[in-house]
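Listed here are the chains, written in short residue letters.
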Amino acid sequence: SVAIIYRTNAQSRALEEACVQLNLPYVIRGSAGTFYSRHEIKDCLCFLRWLYNGRDESAILRAAKTPSRGIGSKSLDEFLSYCSEVEKVYESQYPNVARPTPLDILISMTDRSVIPEKDIPSPSEFMSKRALNRFVP
């Protein structure tokens, strides 16, 4: 067993990252807890996971709700319904083109060059005005 003693919690980050990378079990004593279990770190990581994998549903859910934007389950359901419809269009009309991810679809709601195909339905056909304003203020 090895003990590492440090003076301030700010020093814990580098040590925790090294232990995680090397898959070493570790325990932190004190009130700070582990770096990766902090809410703000989990929030940042969920955005990074969503950027890395635009289809990561757990990251989408956390990102939509953190920080609070007034996006509830109904607005999220409307957005995911719109995403599903866009995917159906791609499956039927563009079978050889990679389907856009929910992140691509969200970005395309403000920048149509992300999904340039003309026959993609408008988000307003599937999402209420309130939900649209929550996702794209």
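In this report, we go over the structure that sits alongside the text. The model shown is predicted, which means the values in this text are computed figures rather than measured ones.

**Side note on helix α1 (residues 12-21)**
Thinking step 1. Those residues of α1 that sit buried are S12, E16 and C19. Axial view of α1: buried residues confined to an arc of 60 degrees, hence all on one face. Projecting away from the buried face of α1 at angles above 90 degrees are the exposed residues A14 and Q21.

**Side note on the side chain of D56**
Thinking step 1. With respect to the helices and strands, the residue D56 is situated in the loop between α2 (39-52) and α3 (57-65).
Thinking step 2. Polar contacts involving the side chain of D56 include one to the side chain of R49, which spans 3.1 Å.
Thinking step 3. From its side chain, D56 meets the backbone nitrogen of A59 in a polar contact 3.1 Å long.
Thinking step 4. Setting aside its immediate chain neighbours within four residues, D56 contacts R49 and W50.

**Re α3**
Thinking step 1. Of the positions making up α3, those classed as buried are A59, I60, A63 and A64. Burial along α3 is one-sided: seen end-on, the buried residues are contained in an arc of 125 degrees.
Thinking step 2. Buried positions along α3 lie against α2, α4 (73-93) and α5 (102-108).

**Here we look at the packing of aromatic side chains**
Geometrically, a pair of aromatic rings is defined through the distance of the ring centres and the angle of the planes.
Thinking step 1. Applying the stated criterion across every chain yields a total of three aromatic pairs.
Thinking step 2. Here Y82 and F126 contribute two aromatic rings whose centre-to-centre distance is 5.9 Å and whose plane-to-plane angle is 40 degrees, an arrangement assigned as tilted. Highlighted residues: Y82 in helix α4 and F126 in the loop between α5 and α6 (129-135), separated in sequence by 44 residues.
Thinking step 3. A residue is classified by how much of its surface remains accessible, and F126, at 26% relative accessible area, is partly exposed.
Thinking step 4. Here the aromatic rings of Y90 and Y94 are separated by 5.3 Å at their centres, their planes lie at 45 degrees, and the arrangement is tilted.
Thinking step 5. Of the residues examined, Y90 reaches a relative accessible area of 4% and is grouped as buried.
Thinking step 6. You can call Y94 partly exposed: its relative accessible area is 22%.

**Re the environment of L48**
Thinking step 1. With respect to the helices and strands, the residue L48 is situated in helix α2.
Thinking step 2. Taking the C-alpha atoms as reference points, L48 and A63, 15 residues apart in sequence, are found 9.7 Å from one another.

**Examining the environment of G54**
Thinking step 1. Mapped onto the fold, G54 is located in the loop between α2 and α3.
Thinking step 2. Judged by its relative accessible area of 8%, G54 falls in the buried class.
Thinking step 3. Sequence-wise, G54 and Q11 are 43 residues apart; in three dimensions their C-alpha atoms are separated by 33 Å.
Thinking step 4. Apart from the residues lying within four places of it in its own chain, the contact partners of G54 are I60, T101, P102 and L103.

Conventions and cut-offs
- Residues numbered from 1 in each chain as written.
- Predicted model: local features only at pLDDT ≥ 70, side-chain atom pairs only at ≥ 80, totals over all residues.
- Heavy atoms only, no water.
- Buried < 20%, exposed > 50% of the residue type's maximum accessible area, 1.4 Å probe, protein only.
- Helix = DSSP H or I, 4+ residues; strand = E, 2+ residues; numbered from the N terminus.
- Arc of directions from axis to C-beta.
- Polar contact = N/O pair within 3.5 Å; in protein donor to acceptor, adjacent residues only side chain to side chain.
- Contact = heavy atoms within 4.5 Å.
- Phe/Tyr/Trp six-rings, centres within 6.5 Å; stacked < 30°, edge-to-face > 60°.

Purely spatial values, then, with no claim about function.
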